[in-house]
Amino acid sequence: MAAPGPARCARAGLALTWGLLGLLHLAGEPEEGQVRLAGGPHRCAGRVEVFHAGRWGTVCDDTWDLAAARVTCRQVRCGPALWAPGKAQFGRGSGPIWLDGLRCAGSEAHLAECPGHTWGRSDCYHGEDAGAVCADSLEPEPPHLRLAGGGHRCAGRVELLHLGRWAGVCGHTWGPREAQVVCRYLGCGTPLAAPGGAPGGAPGQVWLEQVSCKGTERDLRQCRAGPWRESTCAQGGVANVTCSGGFVTSSSPVRLADGPGACAGRVEVLHLGRWGTVCDDTWAFPAAAVVCRYLGCGQVIAAPPRAHFGPGHGQVWLDGLTCTGEEAAPSECRHKGWGVHTCEHSEDASVVCAGSGLADLAHLRLAGGPHRCAGRLQVLHEGRWGGVCGLTWALPAAQVTCRYLGCGPALSAAQVSVPREELTWVESLRCEGGEGSLLECQVRLWGAPYCPHAAVTCAQPGEAPAPPGEALTLSGVTTAPSGASLPHPGTTPAPPGEPQVSPGEPQVQPCRPQVRPRNPQVSPECPGEPEEGQVRLAGGPHRCAGRVEVFHAGRWGTVCDDTWDLAAARVTCRQVRCGPALWAPGKAHFGEGAGPIWLDGFRCAGSEAHLAECRGYTWGKHNCNHGEDAGAACSESALPAPPQVRLSGAPDRCAGRVEVWHAHLWGTVCDDTWGLREARVLCAHLGCGPALEAPGGARYGQGEGLIWLDDVNCSGEEPDFFRCAHRSWGEHNCHHGEDAGVVCAGNSSSGQVRLVAGPHLCAGRVEVLHEGRWGTVCDRGWDLRDAQVVCRQLGCGRALAARGGARYGRGSGQVWLSELTCAGSERHLGQCERRPWGEHDCEHGEDAGVVCAGAEPAQVRLQGGAGPCAGQVQVLLNRTWLQVCGLTWALPEAQVLCRQLGCGPALSAPVGPHLPGQGPHLGGLTCDGSETQLRECLREGAGPRTCAGGAAQVQCATPAGEPEEGQVRLAGGPHRCAGRVEVFHAGRWGTVCDDTWDLAAARVTCRQVRCGPALSAPGAARFGQGRGPVWLDQVRCTGEELTLDRCERRPWGEHDCEHGEDAGVVCAGAEPAQVRLKPRGGGAPGAAPTCTYLVALLVLLMSLGGALLWLTLRARCVPAHLDAPRAPGAIYLPRRASPGEAEALQLVDDAP
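Residues numbered from 1 in each chain as written. Predicted model: local features only at pLDDT ≥ 70, side-chain atom pairs only at ≥ 80, totals over all residues. Heavy atoms only, no water.

Asks: Please give an account of the side chain of Gln 874 that cites residues and values.
Replies: Relative to the helices and strands, Gln 874 is located in strand 49 (residues 870–877). A relative accessible area of 1% places Gln 874 in the buried class. There is a polar contact of 2.8 Å between the side chain of Gln 874 and the side chain of Arg 861. (Helix = DSSP H or I, 4+ residues; strand = E, 2+ residues; numbered from the N terminus. Buried < 20%, exposed > 50% of the residue type's maximum accessible area, 1.4 Å probe, protein only. Polar contact = N/O pair within 3.5 Å; in protein donor to acceptor, adjacent residues only side chain to side chain.)

And the structure:
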């Protein structure tokens, strides 16, 4: 048989090779209508480009708006749209302009679905190219390059993060081009010096050697270098860089004015001692990015022109500002020259940076309404939903909201009365009505005093508008049109989520969906008869919290709490459609039920669709009574997690009056049976060390409100204060003169304070008590804010001066504190940022002192209110408490009073009935609102008198509080559900050591921060090293605990770790069902191919193609005689063919 010819073999191999390349080409070819964002700093921000007819082209900005940007961001899978810039903000594109005149509703799957365009037909040029900024562009890239040890982020030793550890770069090939890449990547301008380590200096640990860059790379990892390996660089030492950003940041100040915070506003620069503005000619995204980076405000969101935050005043300093985006400061960008311009202040440039938090206004929902287009407006911020204050809420803002959410026109804008513990994120919101989103409106963020929340009803598709001004009901909560009065005080407020019912009105129960036991789907209607196995939560303040009851054999019955746990509660919450389970209380926490006890002794895995699927029970068989009825609290119930406890009435966090949180209210504990065993359990619960004393008799002042607990009895060994026996909640025979207190040894994070060697009790040298010894405070960094904390802690009024230089004489002994940095609002010095106790480089010639205004008597108080910032006003005059006559009482007087009490702004100044037995009233009180104390408002003739006008009352806003004890957050990660684990304790955030850290502990953490299942539990400071204390070590969790501090662990602050061992966690995400892949053809969700699938397909095709090529060549090109057995070690080589053998290929043996 003739051997196959070489030409045929070559053609076969070539065909297969081109076939494989064709497959690769087809797989990599963009699809028709595909969209990308180009020219920006991130794949989720840039110039919009569309693929059509085999070419990429741009989109004209005529009619381009936020709805079109939303479609774009959805198509590129980058989250909500934040901004829709035009005028080639991301640079001019090239090639055709494919789309113009687009009119998108915002709900389309891709841009090609938007009406109003013909491919390639436009009257634009590339100076009008449209862009988009999506929310995912704000997620920072995990750091992998830094400059360390230089005293500034733009100077120091070049270090790379690899395999979880930082190490340097060897400097023996280091030069200006390599330094240029580093400075550009870090946004630090240009290199000023780039020496390697000094010859003969100490060698350092490095990851890379022989690094060589062209100088144009965007990242050091794109440069040529030797292999990644950890070694010691002796020749040249570790590379160092000093960039211009280390110097310009202090020489050319920039600020953002008239915005909602320091990270959004009109751009102003300081030159020749005067602040001036920047003209918006040539103002673009790269220049805005430089400003945001310079101010430490993170990524840029928007660069709005035309005096978006109002026109400025004075000089226009800069015009024609042109930046590449890599400069360290605006002064490094090109411009016409200082003061050279052709602009007016109506053209002032502005910027919105990620640090402003405004991007969170893209995450909106309407909660508690009858459909998705009606309800209370809520914003997702720091992983939690909160409301918008309704005091400035009006129809224009409602129109913007409805349009942004893809609903119809706004039918009404209303205010909703909500419980006081509801979060209020947005303090004020004013829109004109034409804005594309709430980001473009005037807002004040984050956190606000208590106020009614904004609510809106938008039209649904095809819905006819309702009569204007009509009151509406949202999740059973009565609302009033914005600007109208809220429900009359005679109306009984209902718990959240339940109807608001006036006296004498019949209560209408809302129809609830039914769940089929064998097919747990929500029925479309609400039949009257419950179905077999149906579950409800009864006796609670909300439909998503209460006693668990099951319908069986035609009757409702309860569930026994034997074996009842969080897994069973998860099944229950899933069955009643109330989100994840927070708590699984037993012992009839929501009251004793009636009728049969249907279930006992069953065990759930937590993944069952309904309780009837759990194992280990027989209907009606039990050994329980109704005092053991099980309950559940789900995440949508607005209930807090298990009861909390705090100590009040003392400056130290570890001593004071015992108060517990229950049913949305703080209350006290009676001192009957209160002793050292109970105090020992409580101190351990709070992480405050051993108990020293258990005082009763209201040692720390009488509390207010309810007395929650009485006859508390602990063995002293309980792991949780609420495991101690006690009477039923609220059942007692005590008064507040019997409030219990406790004194714990503390954890050395805060100490007592005293002033010595001064002219009076409220002035002198500051001394703090730590480890049983008094010591001083160093005056380095000491200022009026630090002094204010001391004066408040001592009850000495406001701070007048912060003295240094041992003004009140030199102290003796230890200098305990140095470099304090207080905000001024802390309750005691232990909450301020500082160096560790006893760590300093000061002498007693630098001892700090303070001068306080002096101890002021309690001249004003509020009585009979719902809290410390509401009630009837009483003033102490000549040692007699007097009610204030309401004849001259108005909002200016209320503002002065609220300010004096340290509350928020005055919300109202009502006049109510006189309290009985209080004697005469104080008359003649008139304020203009600017006074600091109410006594400054006493006019001539003021004094006690009879009053026929009622008694003055006030409602002040309550100031926002600090994070809760034991609260957890994830820091330093790429998003809020991944990062370094940090815990709040004793007024400070601290980290968790990775000793014994595992997936069970990660599960508890992910559950606590509402981020779904845990994916991994990295250690070794994977997300960067934290600061402050290491609070927890040797954490051992089962995975079922409600909070991390309930796991088995060492005491608070006791550890043998460094921050290089900080624990981290990666969770699946906040809402596992929020994202899905939807195929264009209407197939099953998740059918759309992803990059992973494409890569796998390519690998498979290449493998099959290679195998097919080998088999074909072997069959066609290897002679049959070669299939015979060959000698060991034989090698077969081709023989050079003669001209007469052009069609033959012969292989010959060449055995040794």
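Asks: Run through unusual backbone geometry, naming residues and quoting values.
Replies: Despite not being glycine, Ala 588 has its phi angle at roughly 50 degrees, a positive value. Its location among the elements puts Ala 588 in the loop between strand 33 (581–583) and strand 34 (597–599). With a relative accessible area of 14%, Ala 588 lands in the buried category. Although it is not a glycine, Asp 711 adopts a positive phi angle of roughly 55 degrees. Position of Asp 711 among the secondary structure elements: in the loop between strand 40 (706–709) and strand 41 (741–744). For Asp 711, a relative accessible area of 21% puts it in the partly exposed group.

Asks: Quick one: what's the story with the nonpolar core, residue by residue and with numbers?
Replies: Membership of the largest hydrophobic core comes to 96 residues, with the highest contact counts inside it found for Trp 64, Leu 111, Trp 283, Val 351, Trp 393, Leu 429 and Leu 438. Considering each element in turn, this core owes the most residues, 8 residues, to helix 5 (residues 285–294). Counting residues in each nonpolar core, the second largest holds 31 residues, with Cys 544, Trp 598, Leu 599 and Leu 1042 among its members. (Core = buried A, V, L, I, M, F, W, Y, C linked by side-chain atoms within 4.5 Å.)

Asks: Hey, could you go over the pattern of salt bridges for me, with residue numbers and the actual values?
Replies: One pass over the structure, following the stated rule, counts 26 salt bridges. Close ionic contact of Glu 767 with Arg 765 constitutes a salt bridge, the shortest N to O distance being 3.1 Å. Residue Glu 767 shares its accessibility class with Arg 765, and that shared class is buried. Within the structure, one salt-bridge network assembled from shared partners comprises Arg 255, Asp 258, Arg 266 and Glu 268. (Salt bridge = Lys/Arg side-chain N within 4 Å of Asp/Glu carboxyl O.)

Asks: Summarise the packing of aromatic side chains; cite the residues concerned and give the values.
Replies: A full pass over the atoms with the stated rule returns 12 aromatic pairs. With a centroid separation of 6.2 Å and 75 degrees between ring planes, the pair formed by Trp 674 and Phe 721 is classed as edge-to-face. In this pair, Trp 674 is assigned in the loop between strand 38 (665–669) and helix 8 (676–685) and Phe 721 in the loop between strand 40 and strand 41, connecting sequence segments 47 residues apart. Consider the rings of Trp 1031 and Trp 1052, whose centres lie 6.2 Å apart with planes at 80 degrees: the pair is edge-to-face. (Phe/Tyr/Trp six-rings, centres within 6.5 Å; stacked < 30°, edge-to-face > 60°.)

Asks: Describe the side chain of Glu 49, listing the residues and the values that go with them.
Replies: Relative to the assigned elements, Glu 49 resides in strand 2 (residues 45–52). A polar atom in the side chain of Glu 49 sits 2.8 Å from the side chain of Arg 36. Polar contacts involving the side chain of Glu 49 include one to the side chain of Arg 47, which spans 3.0 Å. With residues near it in sequence (within four places) discarded, Glu 49 still touches Gln 34, Val 35, Arg 36, Ala 38, Trp 56, Gly 57 and Thr 58. (Contact = heavy atoms within 4.5 Å.)

Asks: Tell me what's going on with the pairing of strand 13 (residues 240–243), and back it up with residues and numbers.
Replies: Each regular strand carries side chains that alternate between the two faces of the sheet. Residues Val 241 and Cys 243 of strand 13 are buried on one face, while the alternating residues Asn 240 and Thr 242, pointing to the opposite face, are not. Pairing of strand 8 (residues 155–162) with strand 13 involves 3 bridges; the strand directions are antiparallel. Paired with Ala 155 across the bridge in strand 13 is Thr 242. (Pairing = 2+ DSSP bridges.)

Asks: Requested: an account of the pairing of strand 61 (residues 1064–1067), with residues and values cited.
Replies: Both strand 57 (residues 978–985) and strand 61 contribute to a ladder of 3 bridges, which runs antiparallel. By the bridge assignment, Arg 980 is partnered in strand 61 with Gly 1064. By the bridge criterion, 2 bridges tie strand 59 (residues 1014–1016) to strand 61 in an arrangement that is antiparallel. Note on strand 61: the bridge partner recorded for Ser 1016 is Val 1066.

Asks: Describe the environment of Leu 682, naming the residues involved and giving the relevant values.
Replies: Secondary-structure assignment places Leu 682 in helix 8. Taking the C-alpha atoms as reference points, Leu 682 and Pro 719, 37 residues apart in sequence, are found 9.3 Å from one another. Among all residues touching Leu 682, those that are not within four sequence positions of it are Val 645, Leu 647, Val 658, Trp 674, Phe 721 and Val 742.

Asks: So what about helix 3 (residues 176–186)? Which residues, and what values?
Replies: Those residues of helix 3 that fall on the buried side of the exposure criterion are Glu 178, Ala 179, Val 181, Val 182, Cys 183, Arg 184 and Leu 186. Just past helix 3, the residue Gly 187 takes up positive phi, approximately 65 degrees.

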